[in-house]
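Understanding the architecture of this molecule
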Amino acid sequence: MNALTLVLTELHNLRTSKGLARVNIDQGSVLLGDELGLDSLDLATLVVTLEEHTGLSPFNDGFVMFKTVGELVSLFSKA
Amino acid sequence: MQADVVVSSFRLIENQHIYPLSKLRLSLKKILTNANINDALVVRGQTAQAVMLGLLAAFEERRCVYLVRDAAVMPLSTEWSEGQEWQLIANESCISLPNLWLQTSGTTGRPKWVAYAPYLLSESLRLGTNSHACWLLTYDPASFAGLQVMLSALLGGHTLISTHGIAKPAAMLEMVNKYQVSHVSGTPTFWRSFARAAKGEVTSVKHITLGGELADQPTLDMLSRHFPHSRIRHIYATTETGVVFSVQDGRAGFPRSWINTTQSNGIRLAISDHGTLLVSSSRTRVDQGNTMVDTGDVVELDGERAFFKGRIDNVINVGGQKIFPEKVEEHLLRLPFVGDVRVSARPSPITGYILIADIVPREGYGSAEHMKSLIREHLKTLPRYAQPALLRFKDELRTATSYKKARST
């Protein structure tokens, strides 16, 4: 599974668990806020799930700014 | 030994060797052959046999004895050599009072040496009259809890089975059945693991004691279902103060009325500004220190009961909210298919930390995915920040020595 598919799958799972209806999510979608209905705790959950699935820890050396789905995907695309 | 206590029938079984009392006394005599009257015996407490020799030296020979739990932490004088279990040192301060010295584990700060007059150690023991009693030692022999078990077996003239070198609960179960063990004392983590291995009832076990970690209600309930014919109690003790109290009503925590009153054993309880339990004892001497020992265990009052929330140094900060992982574990243990669980902190770029849960499932409750969805549902009654973001299934949890749940990640 590539990083984009993984992020989209986990985003849909997260939204389903919150009882939110399915929406179109693309690389330009903003993670936090009204568009996806996610708050910081949801985002923290998403990140730890991605870390577990990929074995990657992109934040080990400090915080990296990311706002959109595409930016998060690129953080988890590095080998 | 106190003058009126005569022990004649004790035996220790360890690593398939049987050590009757006469053999232990003979070994001790050999060790002390060339000792001066003031020499203290220093025992490295890895095996029950070595620690038992230390106990006999303190009780019967009125020697000053040091029980070293971790030689690397606090060597007393000279270097230990490989495989060496005891040494004699000249120690002037031991002349007047033949104390037994124990090391604290260091969970509440730097490890300290604590001195016990031997008769005070035996004070809180219930020896019973059953000469056929058989004890299983699951603790570190040189810890306070381990000593309680060893002394109970020794002074009662019973049999003691050491689990030195045995890590798996299935192997311990085998020993319990083989020797028809009647008394077992262990941490709640040990008991959850043991009960998973036991499946059916272990009929020989009549006395169950929980100690060394905070006893939670789901574990107490599980044990009373699993061992309906056993007496179950949980003991709260620290190395610094000895046994603080013992609870036998099957409920977690302890009666609120015990706070701020002096107990019959001379112990006084109070609660600090941080909510931690303070204990004072007139019975022990701590080498440096206050009269009140801060246990680091946070207490919460609910009606007539005082409950433990967890250790103050285990608190996890998730997005500014403080979580006791023990409380989340207790919540998860209420599910019948959760055999054991450890909740720990994972650094998060967004919330500082986030919780993850390592779960040991019981068999026969369906697929992992099915259990996970039930767990997620069950977690919804907790505040969101207290819900673990990640659930991982494991075969066993990592434990520190003597079956304490390992807390570091």
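Check the entry above for the structure.
If you tally the helices and strands in chain A, you get 3 helices and 0 strands. Helices and strands appear in chain A in the N-to-C order α-α-α. Computed over the C-alpha atoms, the radius of gyration of chain A is 12 Å, within 12% of the 12 Å expected from 2.2 N^0.38 for a compact globule of 79 residues. By principal-axis analysis of the C-alpha atoms, chain A measures approximately 35 × 25 × 20 Å. By the burial criterion, 42% of the 79 residues in chain A qualify as buried. Put simply, of all contacts in chain A between residues at least 6 apart along the chain, 48% involve residues at least 24 apart. Just so you have it, chain A exposes about 4,300 Å², and 51% of that area is on carbon and sulfur atoms. Of the charged side chains in chain A, 5 are positive and 10 negative; the average position of the first set lies 4 Å away from that of the second.

A word on the side chain of His-12 of chain A. Assignment of secondary structure puts His-12 of chain A in helix α1 (residues 3–17). Those residues within four positions of His-12 of chain A in sequence are excluded, and the remaining contacts are Arg-22, Val-23 and Ile-25 of chain A.

What follows concerns the sheet that holds strand β1 (residues 11–14) of chain B. Residue and element names in this part refer to chain B. In space, the 8 strands of this open sheet follow the order β2-β1-β9-β8-β10-β11-β12-β13, with mixed pairing throughout. Each edge of the open sheet is held by one strand with a lone partner, namely β2 (17–20) and β13 (242–247). Strand-to-strand twist across the sheet, computed as the mean angle between neighbouring axes with direction ignored, equals 20 degrees. Sheet topology places strand β8 (residues 134–137) next to strand β9 (residues 159–162); 4 bridges connect them, and they run parallel. Bridging across to β9, Leu-136 finds its partner in Ile-161. Strands in contact with helix α6 (residues 188–198) are β8, β10 (183–186) and β11 (207–210); relative to β10, the strand with the most contacts, it is inclined by about 125 degrees.

With that settled, the discussion passes to the interface of chain A and chain B. Interfaces are frequently sized by the accessible area removed from exposure as the parts join. Listed as interface residues are 17 residues of chain A and, on the opposing side, 14 residues of chain B. Three residues, Leu-41, Val-48 and Glu-52 of chain A, lead the burial of chain A against chain B; their summed loss comes to 44% of the area buried on that side. Linking Asp-39 of chain A and Arg-384 of chain B is a salt bridge whose minimum nitrogen-to-oxygen distance equals 2.5 Å. Where chain A touches chain B, the interface holds 5 residue pairs in polar contact (both at pLDDT 80 or more). Residue contributions to the side of chain A that touches chain B peak at 11 residues, all from helix α2 (residues 40–54) of chain A. Split by residue class, the side of chain A that touches chain B holds 8 nonpolar, 4 polar and 5 charged.

The rules behind the values
- Residues numbered from 1 in each chain as written.
- Chains lettered and ligands numbered in written order.
- Predicted model: local features only at pLDDT ≥ 70, side-chain atom pairs only at ≥ 80, totals over all residues.
- Heavy atoms only, no water.
- Helix = DSSP H or I, 4+ residues; strand = E, 2+ residues; numbered from the N terminus.
- Rg over C-alpha atoms; globule rule 2.2 N^0.38 Å.
- Buried < 20%, exposed > 50% of the residue type's maximum accessible area, 1.4 Å probe, protein only.
- Contact = heavy atoms within 4.5 Å.
- Areas by Shrake-Rupley, 256 points an atom, 1.4 Å probe, with all protein chains shown as cover.
- Lys, Arg positive; Asp, Glu negative; His and termini not counted.
- Charge placed at Lys NZ, Arg CZ, Asp CG, Glu CD.
- Pairing = 2+ DSSP bridges.
- Axes fitted to C-alpha atoms, helices over the stretch in contact; angles between N-to-C directions.
- Buried area = accessible area lost by both parts, 1.4 Å probe.
- Salt bridge = Lys/Arg side-chain N within 4 Å of Asp/Glu carboxyl O.
- Polar contact = N/O pair within 3.5 Å; in protein donor to acceptor, adjacent residues only side chain to side chain.
- Nonpolar A, V, L, I, M, F, W, Y, C, P; charged D, E, K, R; others polar.

Nothing here speaks to function; it is geometry throughout.
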